[in-house]
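Topology and contacts: notes
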Number of protein chains: 4
Amino acid sequence: MWTEICQPRFSETDALGHVNNTVLPVWFETGRTPIFKLFAPELDPNNWPLIIARIEVDYVGELFYGKPVEIRTFVLKLGNSSMTIGHEAWQDGELAARGKAVMIHYDHNSKSSMPVPAEIRSELEQHLRLAGE
Amino acid sequence: MWTEICQPRFSETDALGHVNNTVLPVWFETGRTPIFKLFAPELDPNNWPLIIARIEVDYVGELFYGKPVEIRTFVLKLGNSSMTIGHEAWQDGELAARGKAVMIHYDHNSKSSMPVPAEIRSELEQHLRLAGE
Amino acid sequence: MWTEICQPRFSETDALGHVNNTVLPVWFETGRTPIFKLFAPELDPNNWPLIIARIEVDYVGELFYGKPVEIRTFVLKLGNSSMTIGHEAWQDGELAARGKAVMIHYDHNSKSSMPVPAEIRSELEQHLRLAGE
Amino acid sequence: MWTEICQPRFSETDALGHVNNTVLPVWFETGRTPIFKLFAPELDPNNWPLIIARIEVDYVGELFYGKPVEIRTFVLKLGNSSMTIGHEAWQDGELAARGKAVMIHYDHNSKSSMPVPAEIRSELEQHLRLAGE
């Protein structure tokens, strides 16, 4: 599991008084940075062998401005060229949102998926969260 | 089905050259405005009887700056107090993203769900898209 | 003057109940689209001969969700390679924000400014707003 | 001076390959958090005695994804009820953007400005940057 602390921004709140739902995909994308670094060590967008195929977010609580949020990121499933990433957002000891992202190792030039290389796969496997955990 | 035309903003693109994936939940939320108006005719955030429980987005193509995007919104499922909304983003005649949002008719004071009123329900039913359509 | 109607998005409000201040630079950038089209008719980011040097925003009123906003855009000053663009955001007949943006006609390859071509200059001059207007 | 390290988000880049200009006002607002805490120690938006009157940003360089940005925040001018805050964004040892924000100590109920209290004033004075510094 990777963890990251994020401070909600004032501009991320909405008129209902808490963090707007559309902010979670942004925070979860940020939570995937350690995975991005495995595939693109320089984090150079000109050399970016990943695309995103799907996201899901379940909103199970509210998130407020003024208190840190812990973003937890882990691997749920590892396919040949695709991977399903899991995310959670915690504030004040409570789970506020859960998410998933399906990413594909991808060659933008040939527009085709590529197998996840063995060394990256073994790194990712160390962050696998098994069902029920 | 409700439709809305949206012009991608320059700030919504990312370094990969097309619209960033985190923008779709924002556009789809905007696509739900006609539904918001059914529950909150004045669109007054102080009188907002809805919460969002879940979103999903499937990215099936790229979206580019400089060309209009059509956001199509429809009802997939109507529960007692919850509803599942469907979304699609089309550009240049091609489907680029599909989404879902689960919303709940909700009383923020009592913190409990409320049945969807009959007159709103019958409005929503006119926008139901059946499986296979 | 160019005008554009924009509907505030729910995600653009903040916990104070109105549109967050950081949204105005985004709307004003969108208001510059007709100017972008003069310099980049295809609106292709790979062929984008402009950079932004400065922005200013004065907040003179509040902007609310649920009512359209009119973005007015005009030319304040035309230099050899630079131009100062003016912006206003109106809602319900009241001016809520004023802005400026300084842009430069720019060659990203040679990293140097370029004179504004005569035919674009004469187009821009038709949108000049003189002091006191 | 207050400093904060911020990691550019992928969604904050644009199709020109670097951080979009509209992101700077967001980062600079975040840089004002220590000032917000002086006026609203709980950072509770329901008890928020500040409004923003003006922002300025000068873009003097590019900001890239993948490298931390240091946001420096300081006080440029202290009026009776208003204050002018200065901001800078540095990456890789180079200044990329400079900004200002004018904020007013404000009572949202009476809709009138309030003098900055003495104890907050003396805190702010410790972060004054004199002209030429």
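Scoring rules and cut-offs
- Residues numbered from 1 in each chain as written.
- Chains lettered and ligands numbered in written order.
- Predicted model: local features only at pLDDT ≥ 70, side-chain atom pairs only at ≥ 80, totals over all residues.
- Least-squares fit on C-alpha atoms with pLDDT ≥ 70 in both.
- Contact = placed C-beta atoms within 7 Å.
- pLDDT = per-residue confidence, 0-100.
- Helix = DSSP H or I, 4+ residues; strand = E, 2+ residues; numbered from the N terminus.
- Nonpolar A, V, L, I, M, F, W, Y, C, P; charged D, E, K, R; others polar.
- Pairing = 2+ DSSP bridges.
- Core = buried A, V, L, I, M, F, W, Y, C linked by C-beta atoms within 7 Å.
- Buried ≥ 20, exposed ≤ 12 C-beta atoms within 10 Å, placed from the backbone.

So, on to the relation of the copies chain C and chain D. The relation between the two chain copies is a rotation about an axis coupled with a shift along that axis. The transform that puts chain C on chain D rotates by 180° and translates by 0.0 Å along the axis, for an RMSD of 0.0 Å. Taken together, the rotation and translation relating the two chain copies correspond to the operation of a two-fold axis. Nearest to the rotation axis, the C-alpha of Glu56 of chain C is located 2.2 Å from it, this being the minimum over chain C. When you check the interface residues of chain C against chain D, 100% turn up at the interface there too, and the contact is symmetric in its surfaces.

With that out of the way, let us pick up the confidence of the model for chain A. For chain A, mean pLDDT is 96; residues scoring 70 or higher make up 98% of the total. Interface confidence in the predicted complex, given as ipTM, is 0.95; pTM for the same model is 0.97.

Moving on, we come to the interface of chain A and chain B. Each side of the interface is counted separately: chain A has 17 residues, and chain B has 17 residues. Counting residues per element, the ones that place at least two in the side of chain A that touches chain B are α1 (23-31) and β2 (50-59) of chain A. The greatest single-element share of the side of chain A that touches chain B, amounting to eight residues, is contributed by β2 of chain A. Of the residues belonging to the side of chain A that touches chain B, the class tally is 11 nonpolar, two polar and four charged.

With 17 residues of chain C in contact, the opposing surface of chain D contributes 17 residues. Mapped onto the side of chain C that touches chain D, the elements with two or more residues apiece are α1 (23-31) and β2 (50-59) of chain C. Looking at the side of chain C that touches chain D residue by residue, the classes come out as 11 nonpolar, two polar and four charged. Here five bridges tie β2 of chain C to strand β2 (residues 50-59) of chain D, and the two strands are oriented antiparallel to one another. Bridging across to β2 of chain D, Val57 of chain C finds its partner in Ile55 of chain D.

Turning our eyes to something else, we now look at the nonpolar core. The biggest cluster of nonpolar side chains holds 52 residues, and the ones touching the most others in it are Leu24, Trp27 and Ala89 of chain C together with Leu24, Trp27 and Ala89 of chain D. One finds Phe36, Tyr59, Leu63 and Ile104 of chain A within the second-largest nonpolar core, a separate group that totals 51 residues.

Attention now moves to the environment of Asn20 of chain B. Within the secondary structure, Asn20 of chain B is located in the loop between β1 (2-6) and α1 (23-31). When the 26 C-beta atoms within 10 Å are taken as the criterion, Asn20 of chain B is described as buried. A C-alpha to C-alpha distance of 9.3 Å links Asn20 of chain B and Glu62 of chain B, two positions 42 residues apart in sequence. Among all residues touching Asn20 of chain B, those that are not within four sequence positions of it are Glu12, Thr13 and Asp14 of chain B together with Ser11 of chain D.

The next subject is the environment of Asp92 of chain A. All names here are of chain A. Mapped onto the fold, Asp92 is located in the loop between β4 (82-91) and β5 (94-107). Judged by the 12 C-beta atoms lying within 10 Å of it, Asp92 is exposed. Between the alpha carbons of Asp92 and Pro68 there is a distance of 8.0 Å; along the sequence they are 24 residues apart.

It is worth spelling out the pairing of β4 of chain A at this point. All names here are of chain A. Within β4, seven of the 10 residues are buried, which leaves it mostly tucked inside the rest of the structure. Remark: three residues form the turn of the hairpin made by strand β3 (residues 69-78) and β4, two consecutive strands paired antiparallel. Here β4 pairs with β5 via 10 bridges, running antiparallel. For Met83, the partnering residue across the bridge sits in β5 and is Met103. Taking the residues between adjacent antiparallel strands as the criterion, β4 and β5 are bridged by two residues, where Asp92 takes a positive phi near 55°.

The sheet contact formed by β2 of chain C and strand β5 (residues 94-107) of chain C spans nine bridges and is antiparallel. Of the residues in β5 of chain C, the one forming a bridge with Ile51 of chain C is Ile104 of chain C.

So, about α1 of chain C. Of all nine residues in α1 of chain C, nine are buried; the element is thus mostly enclosed. Taken residue by residue, α1 of chain C has Val23, Leu24, Pro25, Val26, Trp27, Phe28, Glu29, Thr30 and Gly31 of chain C as its buried positions.

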